Amino acid sequence: LVLQVLLSDDRSFSFELHVSDKGKTRRRILFSTSFREPASTPLHTRIPLAAVARGVWLNLVFDLVDLVSCNFGGAGFGRLDGICIGSACTLRRICTLRDPPGDAPCAPDGHSGLAVGASAPRGFELPSGVPTADRLFCMQSVLASMPAEGEAAPRGAPSASPEGGA
């Protein structure tokens, strides 16, 4: 699945994918720039959209087979039932790809030589000179984008201060 979007510089971005697995169980995968870490239950998963560029057109590419399998106990992806975009953004196009974009497998940084234009349908390319960025989302890239234990706390989290304030 590919979403071609332009995100606002100052607002959060979120959307849901409604999927069914091969056993016809309906599940939801929620993505948001507000989430700080992945969380999963048997019927839905929350995945943070860490480090997405703003102010440029993005081709957000989602490996649905991998996301369903990794988040729902090895369940096989059946079909995409719906998409719900619940934020302020400019949405240009949505498409599905028969094959993964480019020849590159999912890399931890999500920027693995993605060539969406090569496998996208006609009319998906932007005019020359328009800044664009590609981002591939699979579980390997999502987990790699999370801060390791002991690294900086998420924005807004209270920090421990050595000063006692007495």
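Residues numbered from 1 in each chain as written. Predicted model: local features only at pLDDT ≥ 70, side-chain atom pairs only at ≥ 80, totals over all residues. Heavy atoms only, no water.

Considerations on the pattern of salt bridges
Following the criterion strictly, the structure yields four salt bridges and no others. Between R27 and D21 there is a salt bridge; the shortest N-O distance is 2.8 Å. Under the relative-accessibility criterion, D21 is labelled buried at 8%. Here R26 ties to D81 by a salt bridge, and the two come within 3.8 Å at their closest N and O atoms. (Salt bridge = Lys/Arg side-chain N within 4 Å of Asp/Glu carboxyl O. Buried < 20%, exposed > 50% of the residue type's maximum accessible area, 1.4 Å probe, protein only.)

With respect to a nonpolar patch on the surface
A cluster of nonpolar side chains, I83, L91 and I94, forms an exposed patch at the surface whose accessible area comes to about 210 Å². The partly exposed category is assigned to I83, whose relative accessible area is 31%. (Patch = residues over 30% accessible without salt bridge, like charges linked within 9 Å, V, L, I, M, F, W, Y side chains within 5 Å. Areas by Shrake-Rupley, 256 points an atom, 1.4 Å probe, with all protein chains shown as cover.)

Comments concerning the side chain of N59
Looking at where N59 falls in the secondary structure, it is placed in strand β6 (residues 57-62). Looking at N59, its side chain comes within polar contact range of the side chain of Q4, at 3.1 Å. (Helix = DSSP H or I, 4+ residues; strand = E, 2+ residues; numbered from the N terminus. Polar contact = N/O pair within 3.5 Å; in protein donor to acceptor, adjacent residues only side chain to side chain.)

With respect to the packing of aromatic side chains
All told, the structure shown has six aromatic pairs when counted by the stated rule. When the centroid spacing of 5.0 Å and the interplanar angle of 15 degrees are considered together, the rings of F15 and F31 count as stacked. A residue pair is termed long-range when its members are at least 10 positions apart, and F15 in strand β2 (residues 14-21) and F31 in strand β3 (residues 26-32) qualify at 16 residues. Of the residues examined, F15 reaches a relative accessible area of 2% and is grouped as buried. (Phe/Tyr/Trp six-rings, centres within 6.5 Å; stacked < 30°, edge-to-face > 60°.)

Points about the sheet that holds strand β1 (residues 2-7)
Spatial strand order, β8-β1-β6-β9: four strands in an open sheet with mixed pairing. Only two strands of the sheet have a single neighbouring strand rather than two, namely β8 (89-95) and β9 (132-137). On average, each strand axis in the sheet is inclined to that of its neighbour by 20 degrees, with strand direction left out of account. (Pairing = 2+ DSSP bridges. Axes fitted to C-alpha atoms, helices over the stretch in contact; angles between N-to-C directions.)

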